[in-house]
Amino acid sequence: MFMVNTMACKEICIFHKAKSNGKDRYSNNQKRCQICEIFIKWEGLWCPCCGYMLRTHPRNNKSHKKANSLKNRH
Ligand SMILES: [Zn+2]
Ligand SMILES: [Zn+2]
């Protein structure tokens, strides 16, 4: 229980849920929230629901996987 309780899904994202068009959701102005595990249509950079930063681009395989795991140290 560190920062987890401040970044939890409050089910607000459901109201902003993006419709699936089958492919290329990022380019369709949709963003993914890793916390809510949902695609939403939202102008801002941050999830209106949990406050976590939204993904606006598909995953980039060649950048810093290691840096990411450092961030999650226990
Ligand atoms: Zn949510
Ligand atoms: Zn969220």
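This is a predicted model, so every value here is computed, not measured.

**Comments concerning the overall build of the protein chain**
Item 1. On a plain count of helices and strands, the protein chain comes out with one helix and two strands.
Item 2. The secondary structure elements of the protein chain, listed N-terminal to C-terminal, are β-β-α.
Item 3. When burial is assessed residue by residue, the protein chain has 14% of its 74 residues classed as buried.
Item 4. Long-range contacts, defined here as pairs at least 24 residues apart, represent 39% of the contacts in the protein chain between residues at least 6 apart.

**So, the environment of Ile 12**
Item 1. Relative to the elements of secondary structure, Ile 12 occurs in the segment before strand E1 (30–33).
Item 2. When the 13 C-beta atoms within 10 Å are taken as the criterion, Ile 12 is described as partly exposed.
Item 3. Note: C-alpha distance between Ile 12 and Cys 47 (35 residues apart in sequence) is 9.3 Å.
Item 4. In this structure, Ile 12 is in contact with Pro 48 and Cys 49, ignoring residues within four places of it in sequence.

Parameters and conventions
Residue positions within a chain follow its written sequence, with the count starting from 1. Lettering for chains starts from A, numbering for ligands starts from 1, and both go in the order in which the items are written. Side-chain atom pairs in this predicted model are given and counted only at pLDDT of 80 or more, local residue features only at pLDDT of at least 70, and totals for whole chains, interfaces and linings cover all residues. The numbering of helices and of strands both runs from the N terminus, where a helix is a DSSP run of H or I of at least 4 residues and a strand a run of E of at least 2. Whether a residue is buried, exposed or partly exposed is read from the other C-beta atoms within 10 Å of its own C-beta, which are placed from the backbone; 20 or more gives buried, 12 or fewer gives exposed, and intermediate counts give partly exposed. Once C-beta atoms are placed from the backbone, any two residues with those atoms within 7 Å are in contact.

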